[in-house]
Amino acid sequence: IKHTGSNLQIFETTGGLQITNYANDQDVDIRSDDGSGGTSLYFRADGSTGEAILYNYGNEKIKTTSTGVSITGNNVVSGNVTAVDGTFSGDLDVDGHTNLDNVSISGVTTAAGAIDLNADLDVDGHTNLDNVSIAGVTTAAGAVDINADLDVDGHTNLDNVSIAGFTTITQDLDVDGHTNLDN
């Protein structure tokens, strides 16, 4: 151990450097300047819980536990994050490309921009779609209930049509087969 007049230095040239506390359930703390004339806790080896805790100016940020790691505050990660099996609570904010292999969502999902699905979309239950644009074939296996105007441009083939109410035809009507007009 050497003091240079401005720094305390610990040197070891032949093996590891070990700090050991034999007192039962006691800690090893590392403190340093807090930027305001005092000191703050930066690291604690907790002898009563087995936790290794990292602090930022005395505020706990990362703690090892018997089941993994507990992180307090925001996590900024550069590089890949791999979750083998996990539970997330709170918001998950992802900027950039995200590849999710299997996603199960319970509750409300809100998208502020476009959603591009390049596969089947299977929706069970009530679905409220305010503005839908479909390019390609759409198949309905059950009843389709449209409670507003239906504007169809182009050829439309309707196998069985039941009309209740008024129907206005502004061009010729070509009917092949039996037609019964009472009035």
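Residues numbered from 1 in each chain as written. Predicted model: local features only at pLDDT ≥ 70, side-chain atom pairs only at ≥ 80, totals over all residues. Heavy atoms only, no water.

Attention now goes to the overall build of the chain. Per the secondary structure count, the chain includes 0 helices and 7 strands. Listed by position from the N terminus, the elements making up the chain come as β-β-β-β-β-β-β. Whereas a compact globule of 183 residues would reach a radius of gyration of roughly 16 Å, the chain reaches 34 Å, over 25% beyond that. For the chain, the spread of C-alpha atoms along the three principal axes comes to 110 × 30 × 30 Å. Per-residue burial for the chain yields a buried fraction of 4% across its 183 residues. When contacts within the chain are restricted to residue pairs at least 6 apart in sequence, long-range pairs at least 24 apart make up 1% of them. Entry remark: accessible area of the chain is about 18,000 Å², with carbon and sulfur atoms responsible for 46%. Positive and negative side-chain charges of the chain, numbering 5 and 28 respectively, have mean locations separated by a distance of 39 Å. (Helix = DSSP H or I, 4+ residues; strand = E, 2+ residues; numbered from the N terminus. Rg over C-alpha atoms; globule rule 2.2 N^0.38 Å. Buried < 20%, exposed > 50% of the residue type's maximum accessible area, 1.4 Å probe, protein only. Contact = heavy atoms within 4.5 Å. Areas by Shrake-Rupley, 256 points an atom, 1.4 Å probe, with all protein chains shown as cover. Lys, Arg positive; Asp, Glu negative; His and termini not counted. Charge placed at Lys NZ, Arg CZ, Asp CG, Glu CD.)

For the rest of this paragraph, the subject is the sheet that holds strand β4 (residues 39-45). Taken together, 5 strands build an open sheet; the order of strands is β3-β4-β5-β6-β7 and the sheet is antiparallel. Across the chains shown, the open sheet's two edge strands, defined by having one partner strand only, are β3 (28-33) and β7 (69-71). Adjacent strand axes in the sheet meet at a mean angle of 25° when their direction is disregarded. (Pairing = 2+ DSSP bridges. Axes fitted to C-alpha atoms, helices over the stretch in contact; angles between N-to-C directions.)

This part covers unusual backbone geometry. Even without being a glycine, Asp 25 presents a positive backbone phi close to 60°. Note that Asp 25 resides in the loop between β2 (8-9) and β3. You will see that Tyr 57, though not glycine, has its phi angle at about 50°, which is positive. Looking at the element boundaries, Tyr 57 is found in the loop between β5 (52-56) and β6 (59-64). By relative accessible area, which is 45% here, Tyr 57 ends up partly exposed.

Take the confidence of the model for the chain next. A residue-level look at the chain finds 99% of positions with pLDDT of 70 or above and a mean pLDDT of 85. Confidence scores differ between elements of the chain, with β2 showing the lowest mean pLDDT of 88 and β5 the highest of 97. (pLDDT = per-residue confidence, 0-100.)

Before going further, it helps to examine the environment of Ala 119. Tracing the chain through its elements places Ala 119 in the segment after β7. According to the relative accessible area criterion, Ala 119 is exposed, its value standing at 60%.

All chains considered together, the criterion is met by 4 salt bridges. The shortest N-O distance in the salt bridge between Arg 44 and Asp 29 comes to 2.8 Å. With Arg 44 in strand β4 and Asp 29 in strand β3, this residue pair connects regions lying 15 residues apart in the sequence. You can call Asp 29 partly exposed: its relative accessible area is 32%. Several salt bridges share partner residues, and in doing so they unite Asp 27, Asp 29 and Arg 44 into one network. (Salt bridge = Lys/Arg side-chain N within 4 Å of Asp/Glu carboxyl O.)

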